[in-house]
Amino acid sequence: MSARAEILADVRRALGVTGSEASRRRAVADRLEHAPQGTIPARGQLDPAERKALFRAEAERVLASVAEVASNADVAAEVATYLRRRNLPATLRAGADPYLAALPWQGLELAEGSPDGTAALSRAFGAVAESGTLVLVSGKENPTRLNFLPPTHIVVVAAGDIVGDYETIWQRLRGAYGKGAMPRTVNFISGPSRSADIGRTMQLGAHGPRELRIIIVGGK
Amino acid sequence: MNAAQFTRRAHLALEDKQLQTALSISRDGFTAQRAAAVARLPEFDSLRDSARDIKAHTLAHLDLYLEAYEKRVTASGGIVHYARSAKDANDIVVSICRRHGAKLAVKGKTMIGEEIGVNAALEANGVDPVETDLGEYILQLRGELPSHITAPAVHLTKEQIAADFRRAHRDLPEGRDLTEASALLAEARAVLRKMFLSADIGITGANFLVAETGTSIIVTNEGNGDLAATLPKVHIVLASIEKLVPTLEDAAQLLRVLTRSATGQEISTYTTFATGPRRPGDPDGPEEYHVVLVDNGRSALLGSEFAEVLRCIRCGACMNHCPVYQSVGGHAYGSVYAGPIGAVLTPALVGIENAVDLPNASSFCGACESVCPVRIPLPKLMRFWREHAFERGLVSVRQRLALNLWGFFAKRPALYRFATRAAVRVLAKIDGEDGRLRKMPASWTASRDFPAPQGETFQAEFARRKSMGRRS
């Protein structure tokens, strides 16, 4: 017997079942199909403007810095100002996201390549107001390594993509990738990388970015 | 290290001044931070109920969820392996490494990896396993086990860590300044970054496995497990079979209680959902994605009176709130799992005959159960182990005699009342005037006083109050 068969047999013996009981199979199929929601905190259940404000407050609470701009045309200027203020070079690592590529980057250069040691730019799939969390998905548009390797990570998110809770993100992922399917990697990012393992004091920039800059585009 | 010498190690821990300072800092920090996070979320207790119910439902249908999960992993291009024992799991990991001619494996934190001793298995087969969680990395340099589930190196000072780095990072300039924590962090980051970029294999644990999508979830604050899952060409997920949850919705319920209970965070800095290997057009991600599902005693627990312990999501709240753990730290338990959860889980993994002290290392105050995010009745389960130990004759002759003596009286109520009344009077008489007994025949009063009885027996007092209540 294979290890798989043995483990399943052990589990079934322990539970006193055969695995073919119709009621159990139905219970599992139903749950996987309908995905009941459980308890959703009231905190994030707000109108769009309040949701954006909550997202900002929660992201700042976990030490991200946040800027708001009115439209796509203003993103480049905001990025340039941020880089200049931090004394960082005007070159950004980025993937092949068509939205980012189409922005008017006067004076700034977007380049693919290793983000080890330079600032990187990504576009978020969405964001969750409840906890100030950015949601990024893998792919050539926004490579996962950009989320972790650079010392500074700048992430653009549309105000309309800020949702109240994680459950709404699941619905949007199912809409984009299909029921039961997921991108290879989904990253929830809430603030810059940190560790309290040395000297028992929290320090930023453990393995991931020391700085997380969020730019919210649009919204009231 | 083993679980059989709790008492001796607990004594050493109590004498260790540095450990005691570290424990007090982490204790006050973790409990206060958890309390603050709970206060911020009115739905917290409702989420705990939900978390408990999800885990109970999943365990009751574990065979079917394992099958559903496997189907989704396979559909996304990943490979699921099954391992009944620690040895089987290690053999699987080693054979994957060997197939790739791997020399270096970067590791995210994995409790099951520690449980099965995967590092030793890798080393024995020519693969260098490098822990990348900063706390775990420091412990690996020192050859120590973690003392805490979420803060593994909590017992070490900056100065100790600096000395370890000087010893281990020989290629760096000798005169470099390592007095500040920030310098230590920067050095570890640079050393480990090189490892991430050159490793053949990334090994992580999983906080949850999602049956609906075939996804493994890890939570980190450093971003280390996430890099281990992204950069090397092979990602191996080590997970015990009880990590299954049905859906993404269920995972969200559990994530909300996990981080609040662990560190008081609303959510960890990184929560990473990995599903299969790199897709066509992906510029990064592993070429192979393996999941090793480990039983190692879980299915046996599932059919026992200890089944509820399988709900555990490894947050560490029971340790942070345990007066025994707070006093002796994690190493005293002699096991990968310390504190109340360790006191229940360790005897199941190594046999009660090898861990008889652990379910007794409790004052039964119930703090563990009161903070457990999945409401595991830890005191009850510890009591079950005590019963097992007694039935199997594993308790000392003295303890057995004492319990039998107490049992003799307890079964004879009239005699019991008479004897306790007499005892209370005698004890009250030898009281040192302030209600404390300073000298008793047993060793109890060697390090603390014993409160002297101040009047009647409990039963007499209870009867008196009851009749007063009736009159009013």
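Please read these numbers as outputs of a predicted model, since none were measured by experiment.

**Considering the overall build of chain A**
A count of helices and strands for chain A gives six helices and twelve strands. C-alpha atoms of chain A, sized along the principal axes, occupy 65 × 40 × 40 Å. For chain A, buried positions account for 55% of its 220 residues. Counting contacts in chain A only where the partners sit at least 6 residues apart, residues at least 24 apart contribute 70% of the total. As displayed, chain A offers around 8700 Å² of accessible surface, 51% of which is attributable to carbon and sulfur atoms. Put simply, chain A has 28 plus and 23 minus side-chain charges, and the middle of one group is 2 Å from the middle of the other.

**Some details on the state of the cysteines**
Residue and element names in this part refer to chain B. Per the stated rule, a full pass over the model turns up zero disulfides over all chains. Not part of a disulfide, C322 finds its nearest cysteine sulfur in C365, a span of 6.5 Å. What makes C322 buried here is its relative accessible area of 7%. Of the cysteine sulfurs around C365, a residue in no disulfide, the closest is that of C368, at 6.3 Å.

**Focus on the interface of chain B and chain A**
How big an interface is tends to be expressed through the accessible area that disappears when the partners come together. Tallying the contact residues gives 95 residues for chain B and 79 residues for chain A. Contact with chain A buries surface across chain B, with R84, R189 and E249 of chain B losing the most and accounting together for 10% of the total. Where chain B meets chain A, there are 18 salt bridges. When the shortest N-O distance is used, the salt bridge between K179 of chain A and E212 of chain B registers 3.1 Å. Linking chain B with chain A are 50 residue pairs in polar contact (both at pLDDT 80 or more), by the criterion used here. For the side of chain B that touches chain A, the per-class residue count stands at 44 nonpolar, 27 polar and 24 charged. The pairing of strand β9 (residues 185-189) of chain A with strand β9 (residues 270-274) of chain B spans five bridges and is antiparallel. Across the sheet, the residue bridging to T185 of chain A is A274 of chain B, located in β9 of chain B.

**Description of the packing of helix α6 (residues 166-177) of chain A against helix α12 (residues 248-262) of chain B**
Look at α6 of chain A against α12 of chain B: their axes get within 10 Å of each other, and the N-to-C directions meet at 155°. Classified by the angle their axes make, α6 of chain A and α12 of chain B are roughly antiparallel. Between α6 of chain A and α12 of chain B lies a crossing whose hand is right-handed. Residues Y166, E167, W170 and R174 of chain A of α6 of chain A lie in contact with α12 of chain B, whose contacting residues are L248, E249, A252, Q253 and R256 of chain B. Grouping the constituent residues of the contact of α6 of chain A with α12 of chain B by class yields four nonpolar, one polar and four charged.

**So, the domain arrangement of chain B**
Residue and element names in this part refer to chain B. Under the domain assignment used here, chain B contains domain 1 (1-34 + 309-395), domain 2 (41-296) and domain 3 (402-471). Computed over C-alpha atoms, the centres of domain 1 and domain 2 are 23 Å apart. Listed per partner, the contact involves 31 residues of domain 1 and 38 residues of domain 2. Summing both sides of the interface, domain 1 and domain 2 together bury roughly 3000 Å²; the carbon and sulfur share of this comes to 60%. One can count three salt bridges joining domain 1 with domain 2. The partner of R314 in a salt bridge is E242, with the nearest N and O atoms 3.4 Å apart.

**Examining the environment of T118 of chain A**
Residues and elements named next belong to chain A. Relative to the helices and strands, T118 resides in the loop between β3 (109-111) and β4 (119-123). With relative accessibility at 19%, the residue T118 sits in the buried group. Sequence separation between T118 and K140 is 22 residues; the distance between their C-alpha atoms is 19 Å. With near-sequence residues (within four places) excluded, T118 lies in contact with T91, R93, P150, P151 and T152.

**Examining the pattern of salt bridges**
This structure, assessed with the given rule, holds 52 salt bridges over all chains. Taking the shortest distance from any N to any O, the salt bridge between D45 of chain B and R48 of chain B comes out at 2.9 Å. Of this pair, D45 of chain B and R48 of chain B are both found in helix α3 (residues 44-60), three residues apart, which corresponds to roughly one turn of the helix. Since its relative accessible area comes to 40%, D45 of chain B is described here as partly exposed. By relative accessible area, R48 of chain B is classed as buried at 5%. Counted as one network, the salt bridges with shared partners bring together R43, E58 and R61 of chain A together with R40, R260 and E266 of chain B.

**Here we look at the sheet that holds strand β3 (residues 128-131) of chain B**
All names here are of chain B. Strand order in the open sheet formed by six strands is β1-β10-β7-β4-β2-β3, and the pairing between neighbours is parallel. Either end of the sheet is taken by a strand with one partner, and the two such strands are β1 (79-83) and β3. The mean angle between the axes of side-by-side strands here comes to 25°, regardless of whether they run parallel or antiparallel. Sheet topology note: the β1/strand β10 (residues 288-294) ladder contains five bridges and is parallel. Bridge pairing in β10 places I79 opposite H290.

**Quick look at a positive patch on the surface**
All names here are of chain B. A cluster of basic side chains, namely R417, R421, R425 and K429, defines a positive patch on the protein surface. Following the sequence through the fold, K429 ends up in helix α20 (residues 413-429). Under the relative-accessibility criterion, K429 is labelled exposed at 74%.

**Structural notes on helix α4 (residues 62-75) of chain B**
Residue and element names in this part refer to chain B. The first and last C-alpha atoms of α4 sit 20 Å apart over 14 residues, in line with the 20 Å expected at 1.5 Å per residue. For α4, the set of buried residues is L62, D63, L64, Y65, L66, A68, Y69, E70 and V73. Positive phi appears at G77, one or two residues downstream of α4, with a value of about 95°.

**Details of the nonpolar core**
Counting residues in each nonpolar core, the largest one holds 104 residues, and the members touching the most others are W170 and F188 of chain A together with F6 and L293 of chain B. If one sorts the elements of this core by residue count, α12 of chain B sits on top with eight residues. Setting aside chain neighbours within four positions, we find W170 of chain A in contact with F188 of chain A together with L248, E249, A252 and F273 of chain B. With 46 residues, the next largest nonpolar core counts F55 of chain A together with A162, L185 and A199 of chain B among its residues.

**Section: empty space enclosed by the protein**
Residue and element names in this part refer to chain B. Within the structure shown, the criterion is met by seven cavities of 30 Å³ or more. Approximately 100 Å³ is the volume found for the largest cavity. Looking at the largest cavity, it is lined by 14 residues, and the ones nearest its centre are C312, C315, C318, C372 and P373. In terms of residue class, the lining of the largest cavity is made up of twelve nonpolar, one polar and one charged. Approximately 70 Å³ is the volume found for the second largest cavity. Forming the boundary of the second largest cavity are K109, M111, P146, S147, H148, I149, M319, G330, S335, V336, Y337 and A338. Class assignment for the residues of the lining of the second largest cavity results in seven nonpolar, four polar and one charged.

The rules we used
Residues numbered from 1 in each chain as written. Chains lettered and ligands numbered in written order. Predicted model: local features only at pLDDT ≥ 70, side-chain atom pairs only at ≥ 80, totals over all residues. Heavy atoms only, no water. Helix = DSSP H or I, 4+ residues; strand = E, 2+ residues; numbered from the N terminus. Buried < 20%, exposed > 50% of the residue type's maximum accessible area, 1.4 Å probe, protein only. Contact = heavy atoms within 4.5 Å. Areas by Shrake-Rupley, 256 points an atom, 1.4 Å probe, with all protein chains shown as cover. Lys, Arg positive; Asp, Glu negative; His and termini not counted. Charge placed at Lys NZ, Arg CZ, Asp CG, Glu CD. Disulfide = S-S within 2.5 Å. Buried area = accessible area lost by both parts, 1.4 Å probe. Salt bridge = Lys/Arg side-chain N within 4 Å of Asp/Glu carboxyl O. Polar contact = N/O pair within 3.5 Å; in protein donor to acceptor, adjacent residues only side chain to side chain. Nonpolar A, V, L, I, M, F, W, Y, C, P; charged D, E, K, R; others polar. Pairing = 2+ DSSP bridges. Axes fitted to C-alpha atoms, helices over the stretch in contact; angles between N-to-C directions. Parallel < 35°, antiparallel > 145°, perpendicular 65-115°, else oblique. Left-handed = near helix turned anticlockwise from the far one by under 90°. Domains from an automatic or database assignment. Patch = residues over 30% accessible without salt bridge, like charges linked within 9 Å, V, L, I, M, F, W, Y side chains within 5 Å. Expected span 1.5 Å × (residues − 1). Core = buried A, V, L, I, M, F, W, Y, C linked by side-chain atoms within 4.5 Å. 1 Å grid on protein atoms, 1.4 Å probe; cavity = no way out; pocket = protein on both sides within 12 Å on 5 of 7 lines; lining within 4 Å. Points joined across faces, edges and corners; volume = space filled by probe spheres on them.

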